[in-house]
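Observations on the model geometry
For reference, the chains in residue letters:
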Amino acid sequence: MKKLALDFYSADVITVAKRLIGCYLVRELEEGTIIGRINEVEAYDGAIDKACHAYGGKRTVRNEPLFRAGGIAHVYFVYGMHNCLNVVSGVMDEPAAVLLRGIDIVQGADLAAFNRYGKRMEELTKAQIKNLSNGPGKLCSALSVDRTFDYEPLSGSRLYICGQIRDFQKLPVTVTASKRIGIDYAEEAVDFLWRFTG
């Protein structure tokens, strides 16, 4: 397994977001390893993006990780119930991150299912299987990622991203751009085509 190098994350947030599609998110737990192919992300750029928590340079305890150099995780809590995992990108003091919205579990599906539903994959309904990791909160639940992962180095041992892992390779993929979800308040940023799927 070769983890993505730090310079991967130092690029601008749009570039990082597109390049993350098809990469593998790895979560190491005592019970085993979960690997998911990243298939949906959204980019957020504090310099120009009214949907970003750090728009206009607004710096708070909550969003401080966005101001760090790329290559760490930022996990925040929304709606009083969901954790959201972000990949910080760019350079120090220029807030930007990529929200991971969805993954396809390719290894450790039973462990992911237990984390999310308390059941093995074979016990899940079709709807539960479909909704195992196809949203930012669902993804965090399946991978057992919470706010203790805020500032977590993505070159570490608990959580990291690879382009290729053993039998899993990053295959050529068509990346589709569209509008982001759930940001109706963000004025002109609503129309930014910064959601990427593939």
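Now for a quick tour of the structure. (Residues numbered from 1 in each chain as written. Predicted model: local features only at pLDDT ≥ 70, side-chain atom pairs only at ≥ 80, totals over all residues. Heavy atoms only, no water.)

Here we take up the overall build of the chain. Secondary structure summary: the chain contains five helices and nine strands in total. Put simply, the chain runs from its N terminus to its C terminus through helices and strands in the order β-α-α-β-β-β-β-β-α-α-α-β-β-β. Computed over the C-alpha atoms, the radius of gyration of the chain is 16 Å, within 12% of the 16 Å expected from 2.2 N^0.38 for a compact globule of 198 residues. C-alpha atoms of the chain, sized along the principal axes, occupy 45 × 35 × 35 Å. Looking at the chain as a whole, 48% of its 198 residues are labelled buried. The contacts of the chain with a sequence gap of at least 6 include a subset with a gap of at least 24, amounting to 62%. On the chain, roughly 9,600 Å² of surface is accessible, and the fraction owed to carbon and sulfur atoms is 52%. Side chains of the chain give 25 positive and 24 negative charges; the mean places of these two sets differ by 3 Å. (Helix = DSSP H or I, 4+ residues; strand = E, 2+ residues; numbered from the N terminus. Rg over C-alpha atoms; globule rule 2.2 N^0.38 Å. Buried < 20%, exposed > 50% of the residue type's maximum accessible area, 1.4 Å probe, protein only. Contact = heavy atoms within 4.5 Å. Areas by Shrake-Rupley, 256 points an atom, 1.4 Å probe, with all protein chains shown as cover. Lys, Arg positive; Asp, Glu negative; His and termini not counted. Charge placed at Lys NZ, Arg CZ, Asp CG, Glu CD.)

For S144, which is not glycine, the phi torsion reads 55° and is therefore positive. Assignment of secondary structure puts S144 in the loop between helix 5 (136-143) and strand 7 (159-164). Positive phi is not limited to glycine here, since Y151 has a value of about 75°.

Attention now moves to the state of the cysteines. Across all of its chains, the model carries zero disulfides by this definition. As a non-bridged cysteine, C23 has C162 as the owner of its nearest cysteine sulfur, 8.7 Å distant. With no disulfide of its own, C84 has C140 as its nearest cysteine by sulfur position, at a separation of 6.3 Å. (Disulfide = S-S within 2.5 Å.)

Our next topic: the pattern of salt bridges. Across all of its chains, the model carries 13 salt bridges by this definition. Notably, a salt bridge pairs R59 with E64, separated by 2.9 Å at the nearest N-O pair. Within the structure, one salt-bridge network assembled from shared partners comprises E40, E42, R101 and R195. (Salt bridge = Lys/Arg side-chain N within 4 Å of Asp/Glu carboxyl O.)

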